[in-house]
Amino acid sequence: MHDILRRMVLTALLATSATAWAEPPVSPKATVSPVPLIALAPGKVLYIDPRGTRTLADCEKVEERRMLGGAEKGKLFRETEPCSLWYLAVHPPTGRWAMAVSVTGDIASTRLVSITLSGRRVDVPTDKAGRVKEGNLLVMGDLDGVVAITPGVPAQWTSNHVNHSQRPEQFTADGSRVLVANGTVTTAEWWSWSFGTRPEGIRVLPAQVTDTASNHLVLGESRTVMRHERGGVRIATLDATGTKPWKLGPVMKQKRRGLLTPVVLGDSMVFYREGVFDEGGCDESNPGTYRRVDLRTGQERVWRTHETYCSGHEFAAASARRRTVYFIESNSYSDGIPRLYEYSLDRDEVRELKAQGMEGAHDISADGRTLLLHARGGVVSVHDTDTDESTWLMNLEKVTDAGLLDLR
């Protein structure tokens, strides 16, 4: 069965059994969590713990729209909506956080009137004609609320409707800086921003070193994998202070093409290698494979074959302390429900977790025990990998990102 037909089967299954995927039980009155965390909901940054929920920041935007047709053609209407909040990074020991506020630039029929964040009207970049540009505001805060707002890198704001992004990904170990992935349709680079009332940014990885697939940071791991069609596959070592450029290692023998979602865990690199595609789709005799490379010897080997599939999802999460990676697979031949798996590098074994229907993971704790999973509709659950049990966060949906804290 080719990939196209397989997708048709999966679509049909989802249409007839949309509620068969992960469904939380009936909601109680309050949202609580067995572990402290921060979540991004529409227009709000929320702190949630076993005692309940409180708002750390709230954001709303006012837009003015002109009707282009119909009986009300030419009339202006104002709408107030929650801001779109994305890309949360947290510093588990302190509760510091950073996120991006998506700003849609002015177009012919719609213009941004204002953005208000926690009671403060925010200035956004504009072009020479005074039209609002498109980009991401970087917002930093802690458990007391908002600390700073910055437009970040000026070049990441555009008026030509070409998507440029600024994505907070991870704090340095001491929480003094946050690493931000900047991207365009053709390039990717990394910046480091100081945490404080007047953030200052420095570029730690220039463009053309890693491609638009970018690279993945693992909490507690000082190295990450660069991929580029011309530059090949290389491992970069992050500067612990976040104030110096990353150091690039030599080009590895692994080919860039088809090398997906690589991560470094100690002395190993783990990744997914795409299978072979023929004219009809996936050549099922040469499917995708999960692999690991011993960085000391260069030896590469397969630890799982993705039967009948040639491409897969990114790793949902990885733990440097436990040396484990988590990935999702679904079998469209049966129920089509995504299943979550854990691979242990030390035990060299895969186990299926009791967390069906999940679409991915927002975060994993520093000790590797707790996964923060998300399912359809932005609902969230906390999964204990030791007990293999999940706790749903009730009355909380449309979450775009979330991060676990380790407050002591």
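Reading the values: rules and limits
Residues numbered from 1 in each chain as written. Predicted model: local features only at pLDDT ≥ 70, side-chain atom pairs only at ≥ 80, totals over all residues. Heavy atoms only, no water. Core = buried A, V, L, I, M, F, W, Y, C linked by side-chain atoms within 4.5 Å. Buried < 20%, exposed > 50% of the residue type's maximum accessible area, 1.4 Å probe, protein only. Helix = DSSP H or I, 4+ residues; strand = E, 2+ residues; numbered from the N terminus. Contact = heavy atoms within 4.5 Å. Disulfide = S-S within 2.5 Å.

Novice: Let's hear about the nonpolar core: which residues, and what values?
Specialist: Judged by nonpolar contacts, the single largest core of 27 residues is most densely connected at Ile-38, Val-45, Trp-97, Met-99 and Ile-115. Counting only elements with at least two residues in this core, the list comes to strand 1 (37-41), strand 2 (44-49), strand 3 (52-66), strand 5 (84-91), strand 6 (96-103), strand 7 (110-117) and strand 9 (135-142). With 4 residues, the top contributor of residues to this core is strand 6. Residues contacting Val-45, with those up to four places away along its chain left out, are Ile-38, Ala-39, Leu-40, Arg-54, Thr-55, Leu-56, Ala-57, Leu-85, Trp-97 and Met-99. Judged by nonpolar contacts, the second largest core, of 16 residues, contains Leu-340, Leu-353, Ala-355 and Leu-373.

Novice: Describe unusual backbone geometry, listing the residues and the values that go with them.
Specialist: With a phi close to 50°, Ser-118 is a non-glycine residue in the positive phi region. You can see Ser-118 is positioned in the loop between strand 7 and strand 8 (120-121). Given the relative accessible area of 37%, Ser-118 is considered partly exposed. Backbone geometry places Ser-214, a non-glycine residue, at a positive phi of 60°. Here Ser-214 lies in the loop between strand 14 (201-210) and strand 15 (223-228). On the basis of relative accessible area, Ser-214 is assigned to the buried category, the value being 6%.

Novice: Explain the state of the cysteines residue by residue, including any values.
Specialist: On inspection of all chains with the given rule, the structure shows 2 disulfides. Here Cys-282 is linked by a disulfide to Cys-310, with a sulfur-sulfur distance of 2.0 Å. Here the disulfide of Cys-282 and Cys-310 is right-handed, its torsion about the S-S bond being about 75°. Taken together, the residues Cys-282 in strand 21 (residues 281-282) and Cys-310 in the loop between strand 23 (300-306) and strand 24 (317-319) connect sequence positions 28 residues apart. For the pair Cys-282 and Cys-310, a shared accessibility class is recorded, and that class is buried.

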